[in-house]
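Each chain, written out:
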Amino acid sequence: MRAIVQYRYGDLDQLSYREDVDLPSPRRGEVAIAVSAASVNPGDRFRVSGIPRLGRLAFGLLRPKVPVLGIDVAGTVVAVGEGVTRWKIGDEVFGETLGSFAERVCAREDRVAARPRNVSLEEAAALPVAGITALQAMRDVAKVGPGSRVLVNGAAGGVGSFAIQIARALGAEVTAVCSGRNAALVSSLGAAHVIDYTRNDVAHAIEAGAAPYDAILDLVGTVPLARCIASLSERGVYVSSVGRTGWILRAALRSLVSRRVRLLVTTTSTANLEALAQLVDAGAVRPVIDRRFDLVHVPDALRYSATERTRGKSLVTVGGAGG
Ligand SMILES: NC(=O)c1ccc[n+]([C@@H]2O[C@H](COP(=O)([O-])OP(=O)(O)OC[C@H]3O[C@@H](n4cnc5c(N)ncnc54)[C@H](OP(=O)(O)O)[C@@H]3O)[C@@H](O)[C@H]2O)c1
């Protein structure tokens, strides 16, 4: 089958597009999916480089334990492993598994869900990692509810674009921090207020806001932690999903002494994916698709991701020939 593979950690130039990769077969509790599309996450770049090194605990200490790249997937079940009860051949699913930049991938049956009907199967590939991150940040960690005041720093990207919509669906009033070129986008997703970081000192704008925030979701780590905490309401929480080692360590240390600082650790499950799909089918959440790349152009997709200018999500279209 066709796939994008990496055999060692390094830069994007050592990724290779192969047409002779063995089709994977589902093990016990797994389904095999003919991939319609995958989507691009910053985590894909971290997996290529093996940096932050902490990630190697999950991806392989010395070299990638799964050589095929990609995490998000949407496609059609083409085989089921022993013991699988939830899925049958022909089901259209979306979810998370390592190895989705390929024509076929296997996934644990409890890491996928029936795809939402309100978006195409391809678009459903944009949802899992970024959508679940946003859902767990807003619903489970920040416990956002009606009237909550929420600030999303890094609002125009994959996680941010979902976080605005999910916070709105939970009844919150959202302030989005992004560049001016994305102001109209974040407003269309439900942000009541926009802070353009190219024209304003964000730390000052946050502190000078009309009222403190009940939740700050930080995706970029550009405002000093202490100033974020100072802008929280009495029961407010600061949730960090910033993928930089230094910031992760700083937020982790702070979280040890303050319950108001939380480091986001997400878990993908069928139940969480179903909750996301319900929001999509209810019309409360839609994926914002920036660019589409063919499988062979995954290195270009990752280079674009590295610019940190993605508006919403980029898709890798595969076409599902992995049956
Ligand atoms: N904990 C987890 O499980 C988990 C899961 C997913 C992601 N993450 C992490 O969460 C972070 C966000 O992920 P993502 O998928 O949303 O990334 P992304 O889609 O690549 O984010 C791109 C967006 O970042 C915005 N941005 C760049 N610099 C900014 C700045 N200085 N201030 C405000 N916004 C800025 C850009 O908007 P403008 O062009 O308007 O600047 C762009 O729209 C990453 O660090 C990622 O590693 C963690």
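What you see is a predicted model, and the numbers here were worked out from it, not measured in a lab.

Draft legend 1. The arrangement of the overall build of the protein in detail. Counting its regular elements, the protein contains eleven helices and 15 strands. A globule of 323 residues ought to have a C-alpha radius of gyration of about 20 Å, and the protein, at 19 Å, matches this closely. For the protein, the C-alpha atoms occupy an extent of roughly 60 × 40 × 35 Å along the three principal directions. The buried share of the protein, taken over its 323 residues, is 49%. By sequence separation, contacts in the protein at least 24 residues apart represent 66% of the contacts at least 6 residues apart.

Draft legend 2. Representation of the packing of helix H4 (residues 128-141) against helix H10 (residues 270-281) within the structure. Packing of H4 against H10 brings their axes to within 10 Å, and their N-to-C directions diverge by 90 degrees. By the angle between their directions, the pair H4 and H10 is classed as roughly perpendicular. Of the residues in H10, those in contact with Pro-128, Gly-131, Ile-132 and Leu-135 of H4 are Asn-272, Leu-273, Ala-275 and Leu-276. Of the residues belonging to the contact of H4 with H10, the class tally is six nonpolar, two polar and no charged.

Draft legend 3. Seen up close, the packing of helix H1 (residues 42-49) against helix H11 (residues 298-306). Taken N-terminus to C-terminus, the directions of H1 and H11 make an angle of 110 degrees; their axes are 9 Å apart at the nearest point. On the basis of the axis angle, H1 is roughly perpendicular to H11. Crossing geometry of H1 relative to H11 is assigned as left-handed. Within the contact between the two elements, H1 uses Pro-42, Asp-44, Arg-45 and Val-48 and H11 uses Leu-302, Ser-305 and Ala-306.

Draft legend 4. Inspection of the site of the ligand at higher detail. In the vicinity of the ligand lie 30 residues, with Ala-156, Gly-157, Gly-158, Ser-179 and Gly-243 positioned nearest. Those elements that place two or more of their residues in the shell around the ligand are H4, helix H5 (158-169) and strand S9 (173-178). The residue makeup of the shell around the ligand, split by class, is twelve nonpolar, 15 polar and three charged. Counting only domains with at least three residues in the shell around the ligand, you end up with domain 1 (3-126 + 288-317) and domain 2 (130-263).

Draft legend 5. Layout of H1. Of all the positions in H1, only Asp-44, Arg-47 and Val-48 are classed as buried. Angularly, the buried residues of H1 cover 100 degrees about the axis, an arc narrow enough to put them on a single face. Looking one or two residues past H1, Gly-50 carries a phi angle of roughly 75 degrees, positive in sign.

Draft legend 6. Representation of the sheet that holds strand S10 (residues 193-196) within the structure. Strand order in the open sheet formed by six strands is S10-S9-S8-S11-S12-S13, and the pairing between neighbours is parallel. Here the strands that pair on one side only, and so sit at the sheet edges, are S10 and strand S13 (261-263). The mean angle between the axes of side-by-side strands here comes to 15 degrees, regardless of whether they run parallel or antiparallel. Sheet topology places strand S11 (residues 213-218) next to strand S12 (residues 232-240); five bridges connect them, and they run parallel. Note that in S12 the partner of Asp-218 across the bridge is Ser-240. Together, S12 and S13 form the strand contacts of helix H9 (residues 245-257), whose direction differs from that of S13 by roughly 130 degrees.

Rules and cut-offs
- Residues numbered from 1 in each chain as written.
- Predicted model: local features only at pLDDT ≥ 70, side-chain atom pairs only at ≥ 80, totals over all residues.
- Helix = DSSP H or I, 4+ residues; strand = E, 2+ residues; numbered from the N terminus.
- Rg over C-alpha atoms; globule rule 2.2 N^0.38 Å.
- Buried ≥ 20, exposed ≤ 12 C-beta atoms within 10 Å, placed from the backbone.
- Contact = placed C-beta atoms within 7 Å.
- Axes fitted to C-alpha atoms, helices over the stretch in contact; angles between N-to-C directions.
- Parallel < 35°, antiparallel > 145°, perpendicular 65-115°, else oblique.
- Nonpolar A, V, L, I, M, F, W, Y, C, P; charged D, E, K, R; others polar.
- Left-handed = near helix turned anticlockwise from the far one by under 90°.
- Near = placed C-beta within 6 Å.
- Domains from an automatic or database assignment.
- Arc of directions from axis to C-beta.
- Pairing = 2+ DSSP bridges.

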